[in-house]
Amino acid sequence: MKKKIYLYGLLMLSLLLSCRQEPRRSAELLASTSIVADVVRQVAGPSHTVTELIPPGASVHQFEPTPHQIILLHQAGLIFLNGAGLETRLIKAAVSQVDSTHLVDLSTGLDFRTHPDLHGQSSHDHSRIDPHIWTDPNLVKEWLPVMTRRLSAAYPEDSLIFQQNARIFADTLTALDQWIREQVGQIPVQRRILLTDHRSLGYFADRYGFSQVGALIPSFSDLAEPTARDLARLQDQASQLKVPAVFVDRLQNKALARQFSTDSGLRLVPLLMGSLAVDAATYPDFIRYNVSRICTALQE
Ligand SMILES: [Zn+2]
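Residues numbered from 1 in each chain as written. Predicted model: local features only at pLDDT ≥ 70, side-chain atom pairs only at ≥ 80, totals over all residues. Heavy atoms only, no water.

Novice: Explanation requested: the packing of aromatic side chains in the structure shown.
Specialist: Each aromatic ring pair is characterised by the separation of its centres together with the angle its planes make. Scanning the model with the defined rule gives four aromatic pairs in all. When the centroid spacing of 5.2 Å and the interplanar angle of 50° are considered together, the rings of Phe 204 and Tyr 208 count as tilted. Taken together, the residues span about one helical turn, with Phe 204 and Tyr 208 both in helix H7 (residues 202-208) at a distance of four residues. Each of the two residues, Phe 204 as well as Tyr 208, counts as buried. In this structure an aromatic cluster arises from ring pairing among Phe 204, Tyr 208 and Phe 210. The ring of Tyr 203 has Arg 113 sitting right over it, with the charged end atom 5.8 Å from the ring centre. (Phe/Tyr/Trp six-rings, centres within 6.5 Å; stacked < 30°, edge-to-face > 60°. Helix = DSSP H or I, 4+ residues; strand = E, 2+ residues; numbered from the N terminus. Buried < 20%, exposed > 50% of the residue type's maximum accessible area, 1.4 Å probe, protein only. Lys NZ or Arg CZ within 6 Å of the ring centre and 35° of its normal.)

Spelled out as structure tokens, the structure:
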């Protein structure tokens, strides 16, 4: 009898330990970019696994999933997307494969920027919508209620945890916004000018009072090609306005940017554009990384 109780106790203990040590098996949350994935992680908490589809360094524009990722899309309970036309090809590949109710477009209902040169074109042409929502933390904050609602519907038992995590992260984003305003406040107003490799910082520029001279690639995507005339005009504008630097994607080595820098004498300042990096592994770190570099470059 004693032995039986002992064995029973041992069994219960090992069950208890295995429950505690093994995190819940839930690789079912997918996110398109590493930035979206980080925000989902903040809200979902450590007991849910979030996997990103677009590897750091790859262009987030026009991303197409690999055959292996198609399998992941099949298995996923929820697939979180930045939206605003960023993942057009990913969505096209996914809708033929997975239940579209699993797709969560985080930016539905936001007020999108549109390309100034493309007004009046078809509203179905996503290249006229600026997809770089994540450059403004205030817009990322708008993702949180959608995220909380969808996560809560999928995992009702964790609903209170999601709500609490979302509140904490919203406070982090409010503090981040305040920090950006303080940093930008140190740049003389006439120097708050951005020249970028493509039109990637529009929401950031609008929110924090920067003007944009233009971009080496005059498009919301980094896949288009500028003409020689576009580049010559941009070089003239930049020298008239005494623009000190060109902000380029650190994770992409573009011959175009190097050539422009040589021709114009402007310094290239690498930023993180579409994905997190080892030294900026969370969304708030990503923002701090970029804002510090922008502010330093424009004050010099
Ligand atoms: Zn971009």
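Read on, since the account is not over.
Novice: How should the pairing of strand E6 (residues 211-217) be read in this particular structure?
Specialist: Within a regular strand, side chains alternate between the sheet's two faces. Of all seven residues in E6, five are buried; the element is thus mostly enclosed. As judged from the five bridges shared by strand E5 (residues 193-198) and E6, these two strands associate in the parallel manner. Bridged to Ile 193 within E6 is Ser 211. Assessed by its sense of winding, the connection that carries the chain from E5 through H7 to E6 is right-handed. (Pairing = 2+ DSSP bridges. Right-handed = clockwise from strand over helix to strand, strands pointing away.)

Novice: I would appreciate a short explanation of the sheet that holds strand E3 (residues 78-81) in the present structure.
Specialist: Pairing between sheet strands relies on hydrogen bonds along the backbone, with the strands arranged either parallel or antiparallel. Read from one edge to the other, the open sheet built from four strands follows the order E2-E1-E3-E4, with strand pairing classed as parallel. Both outer strands of the open sheet, strand E2 (50-52) and strand E4 (103-105), are each paired with one neighbouring strand and no more. Direction aside, neighbouring strands of the sheet carry axes that sit 25° apart on average. Of the strands in this sheet, strand E1 (29-31), E2 and E3 touch helix H2 (residues 34-44), which is tilted by about 175° from E2. (Axes fitted to C-alpha atoms, helices over the stretch in contact; angles between N-to-C directions. Contact = heavy atoms within 4.5 Å.)

Novice: How do you make sense of the pattern of salt bridges when you look at a structure like this?
Specialist: Proximity of charged atoms lets side chains of opposite charge pair with each other. Using the criterion set out here, one finds ten salt bridges in the structure. For Arg 41, the salt bridge identified is with Glu 52, shortest N-O distance 3.4 Å. Highlighted residues: Arg 41 in helix H2 and Glu 52 in strand E2, separated in sequence by eleven residues. Where Glu 64 meets Arg 89, a salt bridge forms, and the shortest distance between an N and an O atom there is 3.2 Å. Of the two residues, Glu 64 sits in the loop between E2 and helix H3 (67-75) while Arg 89 sits in helix H4 (residues 88-95), which places them 25 residues apart along the sequence. Residues joined by salt bridges that share partners form a network here, namely Arg 113, Asp 130 and Asp 206. (Salt bridge = Lys/Arg side-chain N within 4 Å of Asp/Glu carboxyl O.)

Novice: Please clarify how the packing of helix H6 (residues 159-184) against helix H10 (residues 283-299) should be interpreted in this entry.
Specialist: Two quantities define a packed helix pair, namely the angle between the helix axes and the distance between the axes. As a packed pair, H6 and H10 sit with axes 10 Å apart at the nearest point and diverge in direction by 5°. Judged on the interaxial angle alone, H10 and H6 are roughly parallel. On H10, the residues that touch Phe 169, Thr 172, Leu 173, Leu 176, Trp 179, Ile 180, Gln 183 and Val 184 of H6 are Tyr 283, Pro 284, Ile 287, Arg 288, Val 291, Ser 292 and Cys 295. In the contact of H6 with H10, the residues fall into eleven nonpolar, three polar and one charged. (Parallel < 35°, antiparallel > 145°, perpendicular 65-115°, else oblique. Nonpolar A, V, L, I, M, F, W, Y, C, P; charged D, E, K, R; others polar.)

Novice: Would you explain unusual backbone geometry in this entry?
Specialist: Among all residues save glycine, negative phi is the norm, and among peptide bonds the norm is trans. The phi angle at Ala 84 is positive, at roughly 55°, despite the residue not being glycine. Mapped onto the elements, Ala 84 comes out in the loop between E3 and H4. Despite not being glycine, Lys 242 has its phi angle at roughly 55°, a positive value.

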